[in-house]
Amino acid sequence: MFSLIRRTPYSELPSFEREADRLFRNFFNWPRFPFGEDGGEATLIEPSVNVFEEADNVVVEAQVPGLKKEELQLHLTGDRLTLRGETKHESEKKDRNYHTKEMRYGAFERTIPLPYEVAADKVKAELKDGVLRVTLPKSETARQRTRQIEVKAA
């Protein structure tokens, strides 16, 4: 006798999501950090970033609200910028009855691939209003490889 299993297009999504998450964690070596009192569900804590060009610079802006400059570390290795930091949990008051608790605490690390080689000795970083702005001047060889090409109409 045959048993019929009815599947919808969406029935496999939870297992697909778990498997994709596992593969990305293993491939990129992303850490997982618990949040909440009981160390319940684990989530990635990463700052959002913008990476763009400005004249002869590559600029990385990262949202790091509430962090001080002493709580951040930047490392430049080849064509990768690594941002590390930690958000500290204030001592929990036991008399609080939370209705929503979304604030996450813990260490984070994010490695950002850069589109060009940069002059490591001229990198500048500034923290203002919860946004870290890292200005990375392009190296001389990267500047020479980039040039404007004029488009002519036929």
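Calculation notes
Residues numbered from 1 in each chain as written. Predicted model: local features only at pLDDT ≥ 70, side-chain atom pairs only at ≥ 80, totals over all residues. Heavy atoms only, no water. Helix = DSSP H or I, 4+ residues; strand = E, 2+ residues; numbered from the N terminus. Buried < 20%, exposed > 50% of the residue type's maximum accessible area, 1.4 Å probe, protein only. Areas by Shrake-Rupley, 256 points an atom, 1.4 Å probe, with all protein chains shown as cover. Pairing = 2+ DSSP bridges. Phe/Tyr/Trp six-rings, centres within 6.5 Å; stacked < 30°, edge-to-face > 60°. Lys NZ or Arg CZ within 6 Å of the ring centre and 35° of its normal. Axes fitted to C-alpha atoms, helices over the stretch in contact; angles between N-to-C directions. Salt bridge = Lys/Arg side-chain N within 4 Å of Asp/Glu carboxyl O.

### Some remarks on the overall build of the protein
- Helices and strands together make up the secondary structure of the protein, namely two helices and nine strands.
- Across the 154 residues of the protein, 21% fall into the buried class.
- For the protein, the exposed area adds up to about 12,500 Å²; of that, 51% sits on carbon and sulfur atoms.

### Looking at unusual backbone geometry
- With a phi close to 55°, Ala55 is a non-glycine residue in the positive phi region.
- Relative to the elements of secondary structure, Ala55 occurs in the loop between strand S3 (49-54) and strand S4 (57-63).
- Backbone geometry at Asp129 places phi at a positive 55°, although glycine is not the residue there.
- Counting through the fold element by element, Asp129 comes out in the loop between strand S8 (124-128) and strand S9 (131-137).
- Here Asp129 falls in the exposed class, since its relative accessible area comes to 73%.

### Observations concerning the pairing of S3
- Sheet topology places S3 next to S4; six bridges connect them, and they run antiparallel. Bridge pairing in S4 places Phe52 opposite Val59.
- Between S3 and S4, which pair antiparallel one after the other, the connecting turn spans two residues, and Ala55 there sits at a positive phi close to 55°.

### Brief notes about the packing of aromatic side chains
- One pass over the structure, following the stated rule, counts zero aromatic pairs.
- One residue, Lys138, lies across the ring of Tyr116, its end atom 4.4 Å from the ring centre.

### Re the sheet that holds S4
- Ordered by their spatial adjacency, four strands build an open sheet running S3-S4-S9-S8, and the pairing between neighbours is antiparallel. Of all strands in the sheet, those bounded by a partner on one side alone are S3 and S8. Averaged over neighbouring strand pairs, the angle between their axes works out to 15° when direction is ignored.

### Brief notes about the pattern of salt bridges
- Counting across every chain of the model gives four salt bridges.
- In this structure, Arg133 engages Glu61 in a salt bridge whose closest nitrogen and oxygen atoms are separated by 3.0 Å. Here Arg133 is found in strand S9, whereas its partner Glu61 is found in strand S4, with 72 residues between them in sequence.
- Arg133 sits in the partly exposed class, given a relative accessible area of 25%.
- Residue classification places Glu61 among the partly exposed residues on the basis of a relative accessible area of 22%.
- Salt-bridge contacts for Glu109 lead to Arg84; the nearest nitrogen and oxygen are separated by 2.9 Å. With Glu109 in strand S7 (residues 106-113) and Arg84 in strand S6 (residues 80-87), the pair connects residues that are 25 residues apart, well separated along the chain.
- Judged by its relative accessible area of 35%, Glu109 is partly exposed.
- It is possible to trace a salt-bridge network through shared partners that takes in Glu54, Glu61 and Arg133.

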